[in-house]
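Structural features, examined
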Amino acid sequence: MELSSEFWWFILIGLGAQLVDGALGMAFGLVSSSVMLAMGIPPAQASAAIHTAEVFTTGASGVSHLVAGNVDKRLFFRLAIPGAVGGAVGAYGLTQLPGEVIRPLIYLYLLVLAIIILARAAGRLMPKGEVKRVPVLGFVAGFLDASGGGGWGPVATSTLLARGGQARTTIGTVNASEFVVTLTVSATFLMSMGLHHLQIVAGLLIGGMMAAPVAALLVKRLKERWVLVAVGVLVLGISLFQIGHALTGYLAR
């Protein structure tokens, strides 16, 4: 495999995306795909490469969070197994559904979660206790993630934090369980599409694996309130941008 000058950019993209994802529990796909699309890489190529690289980056992130003591093992199994099933189902079926209709509804849901998380960070909202129906949440988040929309982190992390989950263990557990989901989704895609774009994959995973231990230490040491603020602002920005993008496209028709 001959390496081009863009290879080093892919390492930087993977490093930056994993720092955000490992510290806040979401956005590896969002950050990396946004930059790669701006570089002129076709969406299908970017999505396939990101899913493949995430097998390695989520594995490194999961191990890093486990070593740092950020993983709730009971929550891990309740999320990971249904998430893997949802991801496998989604990899086969969700891409056949009209994504332009489904995604705005998802981002409306995330907008509400962002407001709840920010209210909790400001001390205006008391958590309601343990989240019920975690397996259902895992299945839905995995199902959405397989569509290429990056649903696992935003949906799983935001829902758990909004319902009172501890920031450190929520982010650590969501990151660790994402490895199982991503491995399942990537295996499904691999059987149907094959493996391509090795230079992009290699750059993303090298940068991502370098950043994973640093991100795990960050989320362990930062105060929970500031983690909640960062997650809330990130989800708010993502949801507003995507809703605005959907509305602009609808009005342009």
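Here's what I pulled together on the structure shown here. Please read these numbers as outputs of a predicted model, since none were measured by experiment. (Residues numbered from 1 in each chain as written. Predicted model: local features only at pLDDT ≥ 70, side-chain atom pairs only at ≥ 80, totals over all residues. Heavy atoms only, no water.)

What follows is about the overall build of the protein chain. From N to C terminus, the protein chain includes ten helices and zero strands. Each helix (α) and strand (β) of the protein chain, taken in turn from the N terminus, gives the series α-α-α-α-α-α-α-α-α-α. Here the protein chain, with 253 residues, has 47% of them falling under the buried criterion. The contacts of the protein chain with a sequence gap of at least 6 include a subset with a gap of at least 24, amounting to 85%. A total of about 12,300 Å² of accessible surface is found on the protein chain, and carbon and sulfur atoms cover 70% of it. (Helix = DSSP H or I, 4+ residues; strand = E, 2+ residues; numbered from the N terminus. Buried < 20%, exposed > 50% of the residue type's maximum accessible area, 1.4 Å probe, protein only. Contact = heavy atoms within 4.5 Å. Areas by Shrake-Rupley, 256 points an atom, 1.4 Å probe, with all protein chains shown as cover.)

Along the chain, the position of Asp72 falls in the loop between helix H3 (43-67) and helix H4 (73-93). The partly exposed category is assigned to Asp72, whose relative accessible area is 33%. In this structure the C-alpha to C-alpha distance between Asp72 and Ala176, which are 104 residues apart in sequence, comes to 9.6 Å. Polar side-chain contacts of Asp72 include one of 3.2 Å to the backbone nitrogen of Leu75. (Polar contact = N/O pair within 3.5 Å; in protein donor to acceptor, adjacent residues only side chain to side chain.)

One pass over the structure, following the stated rule, counts three aromatic pairs. For the ring pair Phe139 and Phe143, a centre distance of 6.1 Å and an interplane angle of 10 degrees mean the geometry is stacked. Of this pair, Phe139 and Phe143 both sit in helix H6 (residues 134-149), four residues apart, roughly one helical turn. (Phe/Tyr/Trp six-rings, centres within 6.5 Å; stacked < 30°, edge-to-face > 60°.)

Here helix H9 (residues 198-221) contains 24 residues, and its C-alpha end-to-end distance of 35 Å stays within 8% of the 34 Å for a straight helix at 1.5 Å per residue. Taken as a whole, H9 carries its principal kink of about 35 degrees at Ala212; the proline Pro213 stands between one and four residues after it. (Expected span 1.5 Å × (residues − 1). Bend = angle between axes of the 7 residues up to and from the residue.)

Moving on: helix H1 (residues 6-24). Under the 1.5 Å per step criterion, the end-to-end length of H1 is 27 Å for 19 residues, consistent within 8% with the ideal 27 Å. Here H1 has its buried residues at Phe7, Phe10, Ile11, Ile13, Gly14, Ala17, Gln18, Asp21, Gly22, Ala23 and Leu24. Positive phi appears at Gly25, one or two residues downstream of H1, with a value of about 80 degrees.

Now for a nonpolar patch on the surface. A grouping of Phe77, Ile81, Val85, Val89, Val136, Phe139 and Val140 is seen on the molecular surface, where their side chains present a nonpolar patch of about 600 Å² in accessible area. For the nonpolar patch, the secondary-structure elements that each account for two or more residues are H4 and H6. Residue placement: Val89 occurs in helix H4. (Patch = residues over 30% accessible without salt bridge, like charges linked within 9 Å, V, L, I, M, F, W, Y side chains within 5 Å. Salt bridge = Lys/Arg side-chain N within 4 Å of Asp/Glu carboxyl O.)

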